[in-house]
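As a plain string of letters, each chain reads:
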Amino acid sequence: QVQLVESGGGSVQPGGSLKLSCAASGNVLSISAMGWYRQVPGKQRELVATITIGGSSNYADSVKGRFTISRDNAKNMVSLQMNSLKPEDTAVYYCHSRVPIWWSNAGDYWGQGTQVTVSS
């Protein structure tokens, strides 16, 4: 199994910055992609950014140029630097990891979520 614990959420004014971090534990050698998703009440969870073991990243169009995802494989951590935050970025942010099918613990793993609120 894989456990994910997020930290770094909070409240910020529009234009401000926050950094989210996620620490993975358990069978971390089985993890391939890691990433961040977000969800607001009444809507589906949506992808924010993902990153592979090799460091290739992918971003939602709405956050390109403002958010940066990074990964420290030695520390089993993934981070999301969020700049120029907008009120529409307000959501619960979830850390995600994927374990490929050839592992016995294959599947998608989620953290508990951390609230990000952007408001003046």
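Cut-offs and rules
Residues numbered from 1 in each chain as written. Predicted model: local features only at pLDDT ≥ 70, side-chain atom pairs only at ≥ 80, totals over all residues. Heavy atoms only, no water. Helix = DSSP H or I, 4+ residues; strand = E, 2+ residues; numbered from the N terminus. Contact = heavy atoms within 4.5 Å. Core = buried A, V, L, I, M, F, W, Y, C linked by side-chain atoms within 4.5 Å. Buried < 20%, exposed > 50% of the residue type's maximum accessible area, 1.4 Å probe, protein only. 1 Å grid on protein atoms, 1.4 Å probe; cavity = no way out; pocket = protein on both sides within 12 Å on 5 of 7 lines; lining within 4 Å. Points joined across faces, edges and corners; volume = space filled by probe spheres on them. Nonpolar A, V, L, I, M, F, W, Y, C, P; charged D, E, K, R; others polar. Pairing = 2+ DSSP bridges.

Peer 1: Sorry if this is basic, but what is going on with the environment of His96 here?
Peer 2: Assignment of secondary structure puts His96 in strand E9 (residues 91-99). C-alpha of His96 to C-alpha of Leu20: the two residues are 76 residues apart in sequence and 13 Å apart in space. For His96, the residues in contact, after removing those within four places along its chain, are Leu4, Ala33, Met34, Gly35, Tyr37, Asp108, Tyr109 and Trp110.

Peer 1: Even after reading the chapter, I still don't get the nonpolar core, so can you show me in this structure?
Peer 2: What tends to happen in soluble globular proteins is that the nonpolar side chains get buried as a cluster. Within the largest apolar cluster, 30 residues are counted, with the highest numbers of intra-cluster contacts made by Trp36, Leu80, Met82 and Tyr93. When residues of this core are traced back to their parent elements, those giving at least two are strand E1 (2-7), strand E3 (18-26), strand E4 (34-39), strand E5 (46-51), strand E7 (67-72), strand E8 (77-82), E9 and strand E11 (114-118). When residues no more than four places from it in sequence are discounted, the contact partners of Leu80 are Leu18, Lys19, Leu20, Trp36, Val48, Ala49, Phe67, Thr68, Ile69 and Tyr93.

Peer 1: Is there a simple way to think about the layout of surface pockets in this case?
Peer 2: The rolling of a water-molecule-sized probe over the atoms marks out the regions of remaining empty space. Put simply, the largest pocket is a space of about 160 Å³. Among the residues making up the lining of the largest pocket, the classes are represented as 7 nonpolar, 2 polar and 2 charged.

Peer 1: Looking at this model, I keep getting lost on unusual backbone geometry. Mind explaining?
Peer 2: What is expected of a backbone is that most residues other than glycine have negative phi and most peptide bonds are trans. You will see that Asn76, though not glycine, has its phi angle at about 55 degrees, which is positive. Locating Asn76 in the fold gives a position in the loop between E7 and E8. Positive phi values are uncommon outside glycine, yet Ser84 reaches one of about 50 degrees.

Peer 1: In this structure, what is going on with the pairing of E3? I would like to understand it.
Peer 2: By the bridge criterion, 6 bridges tie E1 to E3 in an arrangement that is antiparallel. Across the sheet, the residue bridging to Val2 is Gly26, located in E3. By the bridge criterion, 6 bridges tie E3 to E8 in an arrangement that is antiparallel. The partner of Leu20 across the bridge, within E8, is Leu80.

In short, geometric facts, not functional conclusions.
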